[in-house]
Amino acid sequence: MKSSDSLVATGVVIAIVLVVIFSIFLFSGQVFSTQKLIEEKTGSGTDAEVIEGNTPAAFYEGAYVDQESVVLSIIPTSDTISDYTVSYDIEKQYGGNYSREEDVEGVSPENPIVISVSRMGDEWVDIFVKVYGEDGTLVWESNSGYA
């Protein structure tokens, strides 16, 4: 019985990964209105946020969450390949909080910005992200929590 439980768990993980990958390709070339982005939820509870106004959003988010990690993808809505500076703060329920800033080159729908955070079991993880364009302009800001 233990091996069948393991097979079921493996199947569930594979299905989740396939859904995340499919949604990345499905939505990668689309530009959403502000209202649709606010209503859209991608992955595991990620609220897509946009800068105020009716301007199409530069990015949308997808997340994969399991017992060991949270993987947040920040995916551009444009096919243009660009470089960005990403600053993020990680707050974890059981400690180990940290902040990072990094330059990410060649970002596109096929090569999104990815932030991977390890976690323990059902630990709550908050991710606060700011993405800046090459000229230093804030182009995306997001606050997401995962349990």
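Conventions used here
- Residues numbered from 1 in each chain as written.
- Predicted model: local features only at pLDDT ≥ 70, side-chain atom pairs only at ≥ 80, totals over all residues.
- Heavy atoms only, no water.
- Helix = DSSP H or I, 4+ residues; strand = E, 2+ residues; numbered from the N terminus.
- Buried < 20%, exposed > 50% of the residue type's maximum accessible area, 1.4 Å probe, protein only.
- Contact = heavy atoms within 4.5 Å.
- Areas by Shrake-Rupley, 256 points an atom, 1.4 Å probe, with all protein chains shown as cover.
- Patch = residues over 30% accessible without salt bridge, like charges linked within 9 Å, V, L, I, M, F, W, Y side chains within 5 Å.
- Salt bridge = Lys/Arg side-chain N within 4 Å of Asp/Glu carboxyl O.
- Lys, Arg positive; Asp, Glu negative; His and termini not counted.
- Charge placed at Lys NZ, Arg CZ, Asp CG, Glu CD.
- pLDDT = per-residue confidence, 0-100.
- Phe/Tyr/Trp six-rings, centres within 6.5 Å; stacked < 30°, edge-to-face > 60°.
- Pairing = 2+ DSSP bridges.
- Axes fitted to C-alpha atoms, helices over the stretch in contact; angles between N-to-C directions.

Asker: Give me the lowdown on the overall build of the protein chain, citing residues and values where you can.
Answerer: A count of helical and extended segments in the protein chain gives two helices and nine strands. Moving toward the C terminus, one meets the helices and strands of the protein chain in the order α-α-β-β-β-β-β-β-β-β-β. Expressed as a percentage of its 147 residues, the buried residues of the protein chain come to 37%. A separation of at least 24 residues holds for 57% of the contacts in the protein chain among residues at least 6 apart in sequence. Surface exposure of the protein chain reaches about 8500 Å², of which carbon and sulfur atoms provide 54%.

Asker: Any chance you could break down a negative patch on the surface for me, citing the residues and the numbers?
Answerer: A cluster of like negative charges, contributed by Asp83, Glu101, Glu102, Asp103, Glu105, Glu134 and Asp135, occupies part of the molecular surface. A total of four residues in the negative patch trace back to one element, the largest contributor, which is strand β6 (residues 98–107). By the element assignment, Glu102 lies in strand β6. Given a relative accessible area of 34%, Glu102 falls into the partly exposed group.

Asker: Explain the confidence of the model for the protein chain residue by residue, including any values.
Answerer: For the protein chain, the average pLDDT comes to 75, and 63% of its residues sit at 70 or higher. Of the regions scoring below 50 in pLDDT, residues 22–53 engages in 57 contacts with residues more than four places distant in sequence or in other chains.

Asker: Give me the packing of aromatic side chains: which residues, what numbers.
Answerer: Counted according to the given criterion, the structure contains two aromatic pairs. Put simply, the rings of Phe59, Tyr84 and Trp140 touch in pairs and so form one group of aromatic residues.

Asker: Residue-level account of the side chain of Ser69, with values.
Answerer: Locating Ser69 in the fold gives a position in strand β4 (residues 69–76). What makes Ser69 buried here is its relative accessible area of 16%. Contact partners of Ser69, with chain neighbours within four places excluded, come to Tyr64, Val117, Ser118 and Arg119.

Asker: Outline the sheet that holds strand β3 (residues 59–65), supporting the account with residue identities and numerical values.
Answerer: As summarised here, the arrangement of the three strands in space is β3-β4-β7, forming an open sheet in which the pairing is antiparallel. In this open sheet, the two edge strands, each paired with only one partner strand, are β3 and β7 (113–118). Across the sheet, the mean angle from the axis of one strand to that of its neighbour is 15°, orientation sign disregarded.

Asker: Provide a residue-level description of the sheet that holds strand β8 (residues 125–132), including the pertinent values.
Answerer: Strand order in the open sheet formed by four strands is β6-β5-β8-β9, and the pairing between neighbours is antiparallel. What marks the edges here is a single partner per strand, and that holds for β6 and β9 (138–146). The mean inter-strand angle of the sheet, taken between neighbouring strand axes irrespective of direction, is 20°. Judged from the eight bridges that link them, strand β5 (residues 82–92) and β6 form a sheet pairing that is antiparallel. Of the residues in β6, the one forming a bridge with Asp89 is Ser99.

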